[in-house]
Structures are given as structure tokens and as C-alpha cells.
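Remarks on the overall topology
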Amino acid sequence: MGKVTYDTIVRNGRWFDGTGAPSAVRNIGIRCGHVVAVTEQELDASECPQVIEATGKWVLPGMIDIHTHYDVEVLNGPALSESMRHGVTTVLLGSCSLSTVHVGPVDAGDLFGRVEAIPRDKVIGAVETHKTWSDCEEYISALESRPLGPNVTAFIGHSDIRTAVMGLDRATRKDVRPTGAEQAAMERMLAAALDAGFVGMSSQQLLFDKVDGEVCRSRTLPSTYAGPRELRRLKSLLRRAGRVLQSGPDIENPFNIVSQAAQSLGIVRNPLKTSLLSAADVKANPYAVLIMGPLARVVNALGGNFRWQHLPVPFEVYADGIDLVVFEEFGSGAAALDLRDEVERNALLRDEAYRRRFRKDYDSKFGVRVWHRDFFDAEIVACPDVSVVGRSFGAVGVDRGVHPVDAFLDLVLEHGTDLRWRTTISNHRPEVLRKFAADPGVQMGFSDAGAHLRNMAFYNMGLRLLRHVYAAEKTGRPFMSVEHAVHRLTGELADWYRIDAGHLRVGDRADLVIIDPAHLDDSLDAYAEDTVDHYGGLSRMVNRNDATVDAVLVGGRAVYLDGALTDLVGAHRTGRFLRAAHRAPAPSGALASAGH
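Reading the values: the criteria
- Residues numbered from 1 in each chain as written.
- Predicted model: local features only at pLDDT ≥ 70, side-chain atom pairs only at ≥ 80, totals over all residues.
- Heavy atoms only, no water.
- Axes fitted to C-alpha atoms, helices over the stretch in contact; angles between N-to-C directions.
- Helix = DSSP H or I, 4+ residues; strand = E, 2+ residues; numbered from the N terminus.
- Parallel < 35°, antiparallel > 145°, perpendicular 65-115°, else oblique.
- Left-handed = near helix turned anticlockwise from the far one by under 90°.
- Contact = heavy atoms within 4.5 Å.
- Nonpolar A, V, L, I, M, F, W, Y, C, P; charged D, E, K, R; others polar.
- 1 Å grid on protein atoms, 1.4 Å probe; cavity = no way out; pocket = protein on both sides within 12 Å on 5 of 7 lines; lining within 4 Å.
- Points joined across faces, edges and corners; volume = space filled by probe spheres on them.
- Pairing = 2+ DSSP bridges.
- Phe/Tyr/Trp six-rings, centres within 6.5 Å; stacked < 30°, edge-to-face > 60°.
- Lys NZ or Arg CZ within 6 Å of the ring centre and 35° of its normal.

Here we take up the packing of helix 14 (residues 352-363) against helix 16 (residues 404-415). Two numbers describe how helix 14 lies on helix 16: the axes approach to 9 Å, and their chain directions differ by 130 degrees. Taken together, helix 14 and helix 16 sit at an angle that is classed as oblique. Helix-helix and strand crossings are classified by hand; for helix 14 and helix 16 the assignment is right-handed. Each of Tyr354, Arg355, Phe358, Arg359 and Tyr362 in helix 14 lies in contact with helix 16, whose residues at this interface are Pro404, Val405, Asp406, Leu409, Asp410 and Leu413. Residues belonging to the contact of helix 14 with helix 16 are distributed by class as follows: seven nonpolar, no polar and four charged.

In total, this model carries one cavity of 30 Å³ or more according to the counting rule given. Its volume calculated, the largest cavity comes out at about 60 Å³. Taken together, Met63, Ile64, Asp65, Val88, Phe458, Tyr459, Met461, Gly462 and Leu489 form the lining of the largest cavity. Mapped by element, the contributors of at least two residues to the lining of the largest cavity are strand 6 (63-65) and helix 18 (461-474). For the lining of the largest cavity, the element with the highest residue contribution is strand 6, accounting for three residues. Here the lining of the largest cavity is built from residues that sort into seven nonpolar, one polar and one charged.

Turning our eyes to something else, we now look at the sheet that holds strand 13 (residues 315-320). Across a sheet, paired strands are connected by hydrogen bonds in the backbone, their directions being either parallel or antiparallel. Ordered in space as 13-15-14, the three strands form an open sheet in which the pairing is antiparallel. Of all the strands in the sheet, just strand 13 and strand 14 (379-382) have a single pairing partner and so form its edges. Ignoring which end each strand starts from, the neighbouring axes of this sheet average 35 degrees apart. The pairing of strand 14 with strand 15 (residues 420-426) spans three bridges and is classified as antiparallel. Of the residues in strand 15, the one forming a bridge with Ala382 is Arg420.

Attention shifts here to the packing of aromatic side chains. The full count for this structure, using the stated rule, is 27 aromatic pairs. Through a chain of ring-to-ring contacts, three or more aromatic side chains come together here, namely Phe327, Phe330, Tyr354, Phe358, Tyr362, Trp371, Phe375, Phe393, Phe408 and Trp421. A cation sits over an aromatic face here: Lys273 above Trp496, 4.9 Å from the ring centre.

Read these as spatial facts, not as claims about activity.
Structural data, given as C-alpha cells:
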């Protein structure tokens, strides 16, 4: 047998394979994009063009982000470098019923613009410029023809196919049901997506996600208008194929939440793999956490296959003026966001009758809500009037002798989007985060990467979970092992969604991240912004903790090294489309065995 050569060697790092098995110091040899050796022995580096020294570092599979809205950005900025630089090597598109597989440019703009806070004109321009596909296979080919940074996989969006078949106007009317031909067309689209290797379908029943544009502005997303028969027939295709339904329940209707969990049960049919949004320790309803875990455990004990999605970090959001999606959940807030014209909106905000309505909504203690509606728990971080910076709207109201709502609206009227503020909506109690992190009915995800560009940045959520676990371990009060945490961010997700990712063993694709545990520190929480060229130079929130990640490889090729993106990023394709239930063949030739 001839000499084994390597394209890259990762030397002496603490290796995690993604299964949850014990970690160990190993040398890793990579050839042709795959791991071909994991060994205690030194590997011959004499003909190896790249050797990465990982002594004292962690080497783990690239992380998987199961909830993104990169569907637009992947068209005009396919490097998706904001995720890659934090160790994410696989992203899942098509969440919340939204995808760009079938709809045209204007409909895509209307679906994504307001719900995901992506500039509508940029959505339209991206789809108009890049759309060359008419079906799922062509869509995959189009993605792989671009310089993808990470791997991508996808849901087909229920609102996407419903809009494409029925038209956006008819698809968002309560009194309209699809014709028999339209129902059959949606089923064909879903079947084609599953045949092409999409991981499943995303739907949405949450009623404060609103459509943008002129014709259907402020209606809820098309999937929220689907009747039981339509949903049942689409779900039956997912059941038969063993694929996933991602769904967001109508949180104002507890029966809807329970029924969506119960739908996972099989009994006389296949279980429906269901990923539901979301498990969160919501400030507005601190008792909800007592129900989420037990509900998942009961459903799964009865034979279901149900998971909650969970963001494993505090859900801190920022806003410029009144532009924040949580205002959609109550009438007066939605009324302001309904108006795009600044003059009209400001006239509304000045109107005393409107203010009375807003104060009533704010003070109401009834009903399920996402935002806690407490302006004393909302800090002003930037404003032309520097006297209010660092203070809450409630405190400003006390000083001015006005209701907190009036203090907020007065400052919005005076400063518009130059008024920037923040609040934490959920996941604020570390002890609850620890329980969610270890709960088998909960999946790590829900970053919303690629959306809400001015409102939040959770690109490094995986690193922040690892910091939480590692810090607890160092204090002698561990709540889970680092190996288990790595598994939850990698192999567990890959296995459940049935994609070729999330593991780092001999024969696996060499998608990996090297982390310096000494820098799992406060830098992970730092606020940062960066401009987005393909969104007209818009400044978006990002994460910048460059000392934490030493290197990121996708398909065996370095995309991030020594605190900087490599020349490959944006110029060459390193990722690929991961088809559900498909595995890329490993290279032929000698493979060294892995062992502890």
C-alpha cells in the first residue's frame, strides 16, 4: 500500500465526534473533503500543504443552524459568512412557511419584507436578478452554481407553494379554499420537494406575522388561512416520507399548541416528525416553561416524534424607533406598523385616541403575549438627546410626569429611527436555560439568521451554549457534559433531520470548527454591527468574537483562519445542498482507524 497523503492535518486538538462520545486528543487527517484519519499517532505531514496546530483547542463538527431566513441572502450573498465565522457549517433555509422556490419576486418581497424585517425592495431585486429555476431540482442546481459558503438544506415553505398556486390575494382570504386542482398542485409541489431531498415543509399559524406590499398588506401569512383538509393532506405526504413539519402555533389558542404537538402521534399511521416554535422562558408568561417539557415527553412517550425549537441564549432584541416585530401582536402596535408612510405614521402616533388605545393594550394583563410590555424594562442605547441614553422609557416617563407609553411615543416622534433601544424578551433565567439545554424534547436552534437585520444577532448561539456548559463545568456544578452539548449542536440535529452533517469520524465530510476554550468569554456578548453590500450598505447587527474561533473548514477547505475569512469565501463554492437521507461517498483509499 502506498503512502497516505493528506490535504490538511489538524494536530493535537481535543476531538469531539458529534455523537456525544468521550472526547480525546487526536490528530485528524483530511483528504478530498473527508476525514480519512483520526488517530493518537502523529500523521506524516511531509507532503501536506496545510497543517493546523490545535493543541489546547477543541475540534468539533461544524455546527448546524436549523432555523434561518437566509433564503434571500443566499441568492446575492451566498457566502453567508456571518454564520461561518462562528463555526456554523450547515444552515437550514425555508423556515416559518417562507421560501423562494416557487413565488415570483414581488410575492417574495411581500412575504419576507415585513415578517422578517428584510428590505422589501432588496428581496424583490434578489429574486428578480437570480431566479432561473422553476422547480426544486432547478433551485438546488441554482444554489450549487453559486459560491456557497456553508452547506445548505431546506424546508419547502407552505406559504410559498400556497401563494404560487392560488395567488397571494386568494391565498390570504378567510373565505377562500383551494380548488381541487389547486390542492393537487400543492401536493405535487410538496412531493417534488421531498423527492429532491428537502427535509420537509414549514408552515405557520402564528397570527402576528404580516404580509408586506400594497395589495395584501397587513394580512397574515398564507399558511394561516389553510383549512384542516389542506393541512391533513400535506402532512400525510410528510408522514409517508418520514420528513419533518416545522410549524409555529397560534399562541393565543392553547388548543392549537396541544393539537400541533398531538399531531406527531402515529398510532395507526406513521408518526409526523414535528418541530414546533418555540421553547422559550418568556418574561410575559413565566409559567409556560412548566408545560413545554412535559408536553414533549408525553407525546414522545406515546410514540410521537416531537421537538421544540429553542434559542439557548437570552433573547435580547434591539429596535430603531417603533420598528419591532413584537408590536405586531397587539392592535395598536400593528396599526402603527401597518403604515409605511412616515407622515401618516407620525400623525397616528400624535393622535390622543390612538394613544389611549396603546396605553390600554400596554396595561392589559390578559391574553398570551410574547413581549412583556414593560417600558421600565427597555433601555435606550442611542438617541440624539443624550440625556435619555442608558435610561428606560419608564424612567423618562416618571421624570416627565407621563405614562411610559407616552414617553416612548414622544421620543419616537422626536427622533424617529435615530432612537435605538433594547430589551430582553425571554430566556433571561440561567437556571431555566440549563433545563432546556438538557431536555431531550428540545432542539437547539431558532437563531433567525439572515432576518431582523437591525433587531438581533444570534449567529454565535452555539458558542454561547458551549460557554455556558464549560463555565458550569469549571465551577464544579456541571449540568451537562461538553460532549453532550456538542452533540446537541451537531450530530443530534443531523440525525433527526437526516442530513449528511454533524459528525467528525473517519469517512465523514470534513466540516469542522476549531475553538479556543480560553476565549469562551464575555466577548461572545459584545454588540457589533457591519454593513451588508447586497442590501445597499445597510448596517446590521452581527457578532464579533474572532479570538474564540481559530478555524472553520467546509468540505475540508478552510473558510476562516486566524481571525479572518479566507480568499475562498465569496469566490469559490465550499458548501453544497444536503439532500435528506443522502450521504456523500467517502474517498477511496486507506483510512486510519479512530480510537480512544
